[in-house]
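# Survey of secondary and tertiary structure
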Amino acid sequence: MSASTAPLKLIAHPVARLTGKVRAPGDKSVSHRALMFGALAMGETVITGLLQGEDVLCTAAALRALGADISREQDVWRVRGFGVGGGREPDDVLDLGNSGTSARLLSGILASHPFTSFMTGDASLRRRPMQRVIEPLSRMGARFQSREGGRMPLAIVGTDEMVPIEYRLPVASAQVKSCILLAGLNTAGETTVIEPQATRDHTERMLRHFGAEVREAPVEGGHGKRITVVGWPELKARKIAVPGDPSSAAFAVVAACIRPDSDVLIENVGINPLRAGLYTTLVEMGADITFENRREVGGEPVADLHVRGGGLTGVEVPADRAPTMIDEYPILAVAAAFAEGTTRMLGLAELRAKESDRLSSVAAGLAANGVQHEVGAESLTVHGTGASPAGGGLVKTHLDHRIAMSFLVLGLGTREPVAVDDGSPIDTSFPGFMTQMNGLGAKIEAA
């Protein structure tokens, strides 16, 4: 069910424990990039483990509109690319649904082609800020028309005479970094992004995998890193095995952590250190998580997570950890609600620019279910008692899949069931979420 259909009210009932074994769905960030780089490469890229969620399917549809030949046989996807700078003008508006990653990364590709294209999305995506990619791409030579505040629908007047730039990210954002590097592929010379804080590096890893020249160096006399891509590479098709998504695995992990006597194995979870901040934090809180069968899949570190339920203790989560777990704060807030003591999360400004104002959405969900907390401009403090929260609330998701899934996990351990007003956006990132959770012993159903 897509986020554009009628609301799907879901309810989660308290359960005693979770047990069993599941496999994490494909990593959404890697899936988007695998399709995009396959389209920008020459030859046939073969992808296994691709996430079949609506966000990723929107990326595939947009790339087909640009001229890529993308086909699927069960779990194997094949992409015959058009090469760097070889995309064609789309016949229609590109509808990217709920996917901010699609919108921002594709902007870099579209801006560096000599035609005009148009992007839109669902109500949630049309509220999200695009100015953060419009500004650097405009400096490189593209032109844009948008709604107030740089919001979609968006017209992109591209050019194949982009100017290389050196750009310092004003906020830590892997999407903005990736957008500029993608534009830099079809730009003469060297395009450099300076990031003050490390963000997920899937783009850099995959660019090298496809044959681009990417250099990284520390910033002289300061914090951060310079990432440079050399323009006009000939990207060559590759095989890609997509690892499991640590952000999606987080829901089963936290659900097992908050129910005593739980014993759950989540297989094939990506543990890229720039994505694993939640797991670092949960271990600091006393969670019993064992990283088994460590290995490398498609250039990404992977492990199976063995989680046993038990008590958690509140901690302070430093601001510099935020880029490594920016999508996991809603589910961390759920874990904190069951912990003994106070958990303080700092550096959360970026949460206000997600599918919803996630900071406000999380705070409202906690309030609806009797969890003591305080919310600041860039922080969230949750006061746990070590006991089950009251529950019994109805949480407004604001079309945000992570808010929906996080509070359904909360309801597995509260004293009263917890409902979310609309679970239909869950399929954008985690098709099969309810089936997987219920297979472990959860009780989540349509209300």
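The structure displayed is predicted, hence computed values, not measured ones.

What counts and how
Residues numbered from 1 in each chain as written. Predicted model: local features only at pLDDT ≥ 70, side-chain atom pairs only at ≥ 80, totals over all residues. Heavy atoms only, no water. Helix = DSSP H or I, 4+ residues; strand = E, 2+ residues; numbered from the N terminus. Rg over C-alpha atoms; globule rule 2.2 N^0.38 Å. Buried < 20%, exposed > 50% of the residue type's maximum accessible area, 1.4 Å probe, protein only. Areas by Shrake-Rupley, 256 points an atom, 1.4 Å probe, with all protein chains shown as cover. Lys, Arg positive; Asp, Glu negative; His and termini not counted. Charge placed at Lys NZ, Arg CZ, Asp CG, Glu CD. Pairing = 2+ DSSP bridges. Axes fitted to C-alpha atoms, helices over the stretch in contact; angles between N-to-C directions. Contact = heavy atoms within 4.5 Å. Salt bridge = Lys/Arg side-chain N within 4 Å of Asp/Glu carboxyl O.

### Some thoughts on the overall build of the protein chain
- For the protein chain, the count of helices and strands is 13 helices and 24 strands.
- At 21 Å, the protein chain has a C-alpha radius of gyration in line with the 22 Å of a compact globule built from 447 residues.
- Principal-axis analysis of the C-alpha atoms gives the protein chain an extent of 60 × 50 × 40 Å.
- Burial analysis of the protein chain (447 residues in total) assigns 60% to the buried set.
- Looking at the protein chain as shown, the accessible area adds up to about 15,900 Å², and 49% of this sits on carbon and sulfur atoms.
- The average position of the 45 basic charges and that of the 51 acidic charges among the side chains of the protein chain differ by 0 Å.

### So, the sheet that holds strand β14 (residues 239-241)
- If you walk across this open sheet you meet the four strands as β4-β5-β3-β14, and the pairing is mixed. Of all strands in the sheet, those with a lone pairing partner are β4 (69-73) and β14, marking the two edges. Each strand of the sheet is rotated relative to its neighbour by a mean of 15°, with strand direction disregarded.

### A few points about the pairing of strand β12 (residues 214-218)
- Bridging between β12 and strand β13 (residues 225-230) involves five bridges; their strand directions are antiparallel. Its bridge partner lying in β13, V214 is registered against V229.

### Topic: the side chain of E204
- If you trace the backbone, E204 turns up in helix α7 (residues 202-209).
- If sequence neighbours within four positions are ignored, E204 has contacts with K177, L181, V214, E216 and I227.

### As for the sheet that holds strand β22 (residues 394-395)
- Pairing is mixed in the open sheet, where four strands are placed in the order β22-β23-β1-β24. Both edges of this open sheet fall to β22 and β24 (443-446), since each of them pairs with a single strand only.
- As paired strands, β22 and strand β23 (residues 418-420) are joined by two bridges and run parallel to one another. Opposite L394, over in β23, you have A419 as the bridge partner.
- Helix α12 (residues 401-410) rests against β1 (10-13), β22, β23 and β24 of the sheet, and its axis sits at about 165° to β23.

### Here we look at the pattern of salt bridges
- What the rule picks out here adds up to 22 salt bridges.
- A salt bridge links D327 to R200; the shortest N-O distance between them is 3.5 Å. Here the residue D327 occupies a position in the loop between β18 (316-317) and α10 (329-338), and R200 occupies one in the loop between β11 (190-195) and α7, the gap between them amounting to 127 residues.
- Accessibility expressed as a relative area gives 11% for D327, which makes it buried.
- For E216, the salt bridge identified is with R208, shortest N-O distance 3.0 Å.
- Several salt bridges share partner residues, and in doing so they unite R200, D327, R358, D400 and R402 into one network.

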